[in-house]
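Inside the fold
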Amino acid sequence: MATQPPSENPETLDPAAKPTALKGVVIGMLTGVAFGLGGFLFLRDEKGAMGSVLFLMLPIAAGFAVALVTSRPELVNACLIVATLLCFAILLIIGAEGIVCVLMASPLIAGGLLLGAVCGRFFKRYVLDKSGTPGTLKILALLLTPLFLIGANYLEEPHRRTPREETFVTTLTVDATPESVWEQIKRVDSISADKPFLMKIGLPVPVSCVLEGEAVGGRRTCYFDSGYIEERIVEWNPPVSMKLEIVAVTLPGRHWLGFKGASYEIQRDGDKTRLIRRTTIISRLYPAWYWRPLEGLGVQAEHEYLFADVARKLSKRE
């Protein structure tokens, strides 16, 4: 009885198949990097404002383009992952972004890339593969995609010109007198507490706060492990309240974030004391629904670190 030859994989028979697949993977990765770095450079204004076009539409466009140029559909996700990691690495190396910012943006970017890749694969299967001129349509789609982003960015730019103001509040209740709490917050010789996760991965860590002049107009400078924030006293009411206007910031990065003001309020709560800290920031990141909670996490981490130090010092005094 004649035996049938074993089934053969066309890719193993055609020596050119593997180089062609590799070429498609390389082109896919380079396309993703080009979209990522090009979009970061061109889809924001001179003040570093970044909006929905950059964080939502650019990843969708990048995923769509990579899906079009990658020869094997099962390798599209790998191309996107490698391209994204390369973009993040380059931005971190040149100091354009910090690790905290990259991690915060990652879920939004990943979602857009996945959606774009799915759209690209459907477009390739139901439009390009059924067209008599797939090569021409592919080139046309790749040319129109960045033009679409440029147009969307032009329409969004006026909205980004107005930065958002956000105020975040943290409260601490301690078993101490208002006077004792006041002494701990007006100046801080050193700060020591367990660092929250965001500080462990790159968020600036407060070190000390120096007070020059205990009155309105006095200066209060808070030093961090990588810069300082200089404040001017605009309200001085010991041991009840202190309001501060931010006049200078030298913290690295964060070109999209500014600090406007801060305040402390001290209230009696029975035989305890409640300390309320407010920080007002100016943000140039959109969409606000995504970035506002994450900005709050960063500010709250700073507050909680300071409050942990206050609570520790007061517990030793009492």
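Please read these numbers as outputs of a predicted model, since none were measured by experiment. (Residues numbered from 1 in each chain as written. Predicted model: local features only at pLDDT ≥ 70, side-chain atom pairs only at ≥ 80, totals over all residues. Heavy atoms only, no water.)

1. Description of a nonpolar patch on the surface
On the surface, Leu-114, Val-118, Phe-122, Tyr-126 and Val-127 cluster together into a nonpolar patch covering about 450 Å² of accessible area. Position of Val-127 relative to the elements: it lies in helix H5 (residues 99–128). (Patch = residues over 30% accessible without salt bridge, like charges linked within 9 Å, V, L, I, M, F, W, Y side chains within 5 Å. Areas by Shrake-Rupley, 256 points an atom, 1.4 Å probe, with all protein chains shown as cover. Salt bridge = Lys/Arg side-chain N within 4 Å of Asp/Glu carboxyl O. Helix = DSSP H or I, 4+ residues; strand = E, 2+ residues; numbered from the N terminus.)

2. With respect to unusual backbone geometry
Residue Pro-239 is reached from Pro-238 by a cis peptide bond, and omega for that bond is -5°. Within the secondary structure, Pro-239 is located in the loop between strand S4 (227–237) and strand S5 (241–249).

3. A closer look at the confidence of the model for the protein chain
A residue-level look at the protein chain finds 92% of positions with pLDDT of 70 or above and a mean pLDDT of 89. The low-confidence segment residues 1–17 (pLDDT under 50) makes three contacts with residues lying over four places distant or belonging to another chain. (pLDDT = per-residue confidence, 0-100. Contact = heavy atoms within 4.5 Å.)

4. Brief notes about the packing of H5 against helix H6 (residues 134–160)
Each pair of packed helices can be summarised by the angle the axes make with each other and by the distance between the axes. One can describe the packing of H5 onto H6 by two numbers: an axis separation of 11 Å at closest approach and a directional angle of 145°. The way H5 lies across H6 gives a crossing that is right-handed. Side by side, H5 and H6 meet where Phe-123, Val-127 and Leu-128 of the first sit next to Pro-134, Leu-137, Lys-138 and Ala-141 of the second. The class makeup of the residues in the contact of H5 with H6 is six nonpolar, no polar and one charged. (Axes fitted to C-alpha atoms, helices over the stretch in contact; angles between N-to-C directions. Left-handed = near helix turned anticlockwise from the far one by under 90°. Nonpolar A, V, L, I, M, F, W, Y, C, P; charged D, E, K, R; others polar.)

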